[in-house]
Amino acid sequence: MIVHMRALSRLVVVLTATGLATAALAASADDFKAAYARAEAAENQAGALKNQWTTTDTELKAAKKAADVGNFGEAIKHAQEAEALANASIAQAKEQATAWKNAVIR
Amino acid sequence: MRRAILLALALFCLAAPPVSAADSVNPKADFKAFRAYFTKRFPKVPLNDFVNGPYSMNADLRKQWVEIDAFPPYQFALDKGKQMFETPFKNGKAYADCFANKGIGIRQSYPYFDAKSGEVITLDVALNECRQTNGEEPLDYTKDDMAALTAYMAFTSRGKPFDIKIPNDPRALAAYRKGEEYFYTRRGQLNFSCASCHVQSPGDHIRTEVLAPALGIVAALPIYRSEWGGMGTTSRRLITCNSQVRGVPLKPEDELYRDVEYYLSYMSNGLPISGPGARP
């Protein structure tokens, strides 16, 4: 009876650990998807302004590559970097929409 | 009565939004200011020598160029372009049938504003239109055959002064304005505009390269670039510039690329065609 109890508790521990690990993995994958979607949306906005940066694309590709091998922590970092770069390119385009006039030879 | 008129005038002036020089489109005034900027900044450079780009800025580089030009690296492209130009299409017609003066000595009039399409037409676009009208596939806009054809057409126009017209058509003025805007707009992660290098820094080095002045910069196109190990068109040149500042380039012969070529070519009016050119 005692042996059965021990085996059962071990099984519970293993199942709980496996369950937690799967949940953590699923959460990371979801986090990556959300981070990537935000980056992609920002990049599309930069594209509409005809002002994308090559470095944003590099980070997006790196994010996908890391996610493909299940390294979601790394993938999220790249996606966040891509989003930051895309947002900077959008800010640049908006600022330059009028600032370019100051550079014209008069 | 006089007081009332003056009062009305004053009120009108207050109500009207201020119009600065930066908001108006005045190609003639821009041309004058552009020309004055470069000639005052580089008083020792003869006007027509600006078309030689970095060689007009740096004596050592010029010596190398003179040596290189004894056996010009664009010669193969020139020969190929001549052969292509003279070979009839499958329907028996040829490039000569699509252009004024049978396509010889006409480079200086491109790009032009086409009232029918409402767009700027570059020589490269005109060549592909000619091909497609005659049932041929369009050529790649960046190098190889297109560069060879435009090299030959530029060669037949050497010495002829740029003669770019901006008709009194709001669409033409808008295209000119968009080209000007593109030229002065900072882009890419490095936050450079075309003007950052070619207005602010001609003659300076970026790594080993000597930057060319914007005045006359389109006159030598297409060019053989040692960096590329081959020939490149205007589109290729613009794509390279965008990539170098970490900006995603536009598609070859994108409307904005054509507009900026229109703007720069107008700024070069009166300067001689020198293409095809050779650059480091």
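Residues numbered from 1 in each chain as written. Chains lettered and ligands numbered in written order. Predicted model: local features only at pLDDT ≥ 70, side-chain atom pairs only at ≥ 80, totals over all residues.

1. So, the interface of chain A and chain B
Okay, step 1: Facing 15 residues of chain A, the contacting portion of chain B comprises 22 residues.
Okay, step 2: Breaking the side of chain A that touches chain B down by element, the ones donating at least two residues are α2 (54–68) and α3 (72–99) of chain A.
Okay, step 3: Take the side of chain A that touches chain B: its biggest share by element is three residues, from α2 of chain A.
Okay, step 4: A class-by-class count of the residues in the side of chain A that touches chain B yields five nonpolar, six polar and four charged. (Contact = placed C-beta atoms within 7 Å. Helix = DSSP H or I, 4+ residues; strand = E, 2+ residues; numbered from the N terminus. Nonpolar A, V, L, I, M, F, W, Y, C, P; charged D, E, K, R; others polar.)

2. Some words on the environment of V66 of chain B
Okay, step 1: Structurally, V66 of chain B is set in helix α3 (residues 59–68).
Okay, step 2: Placed 11 residues apart in sequence, V66 of chain B and Y55 of chain B show a C-alpha to C-alpha distance of 9.3 Å.

3. Brief notes about the nonpolar core
Residue and element names in this part refer to chain B.
Okay, step 1: Counting 63 residues, the largest nonpolar core has A151, Y263 and L264 as its most contacted members.
Okay, step 2: At the level of secondary structure, the elements contributing two or more residues to this core comprise α2 (27–41), α5 (123–133), α6 (144–155), α7 (170–184), α8 (194–198), β5 (223–225), α9 (234–244) and α10 (255–267).
Okay, step 3: For this core, the domains that each give at least three residues are domain 1 (26–73 + 166–279) and domain 2 (75–155).
Okay, step 4: In this structure, A151 is in contact with Y74, A77, L78, G81, P222, M231, G275 and P276, ignoring residues within four places of it in sequence. (Core = buried A, V, L, I, M, F, W, Y, C linked by C-beta atoms within 7 Å. Buried ≥ 20, exposed ≤ 12 C-beta atoms within 10 Å, placed from the backbone. Domains from an automatic or database assignment.)

4. Quick word on α2 of chain A
Residues and elements named next belong to chain A.
Okay, step 1: Between its first and last C-alpha atoms α2 spans 21 Å; for 15 residues at 1.5 Å apiece the expected length is 21 Å, and the two agree.
Okay, step 2: Looking at α2, one finds that the buried residues are T55, T56, E59, L60, A63 and A67. The buried side chains of α2 occupy one side of the element, clustering within an arc of 145 degrees when seen end-on. For α2, exposure combined with an orientation more than 90 degrees from the buried face picks out K61 and D68.
Okay, step 3: Just past α2, the residue G70 takes up positive phi, approximately 80 degrees. (Expected span 1.5 Å × (residues − 1). Arc of directions from axis to C-beta.)

5. Some details on the sheet that holds strand β7 (residues 277–279) of chain B
Hydrogen bonding along the main chain pairs the strands of a sheet, whether they run parallel or antiparallel.
Residue and element names in this part refer to chain B.
Okay, step 1: Ordered by their spatial adjacency, three strands build an open sheet running β6-β5-β7, and the pairing between neighbours is mixed. Two strands lie at the open edges of the sheet, namely β6 (230–232) and β7, each paired on one side alone. Within the sheet, the average angular offset between the axes of one strand and its neighbour, ignoring direction, is 35 degrees.
Okay, step 2: Across three bridges, β5 lies against β6 in antiparallel orientation. Looking across to β6, one finds that I223 is bridged to G232. (Pairing = 2+ DSSP bridges. Axes fitted to C-alpha atoms, helices over the stretch in contact; angles between N-to-C directions.)

6. Focus: the domain arrangement of chain B
Residues and elements named next belong to chain B.
Okay, step 1: Assigned domains within chain B: domain 1 (26–73 + 166–279) and domain 2 (75–155).
Okay, step 2: In this structure, domain 1 and domain 2 have C-alpha centres spaced 21 Å apart.
Okay, step 3: Of all the secondary structure elements, the ones that give two or more residues to the side of domain 1 that touches domain 2 are α7, β6, α9 and α10.
Okay, step 4: A total of six residues in the side of domain 1 that touches domain 2 trace back to one element, the largest contributor, which is α10.

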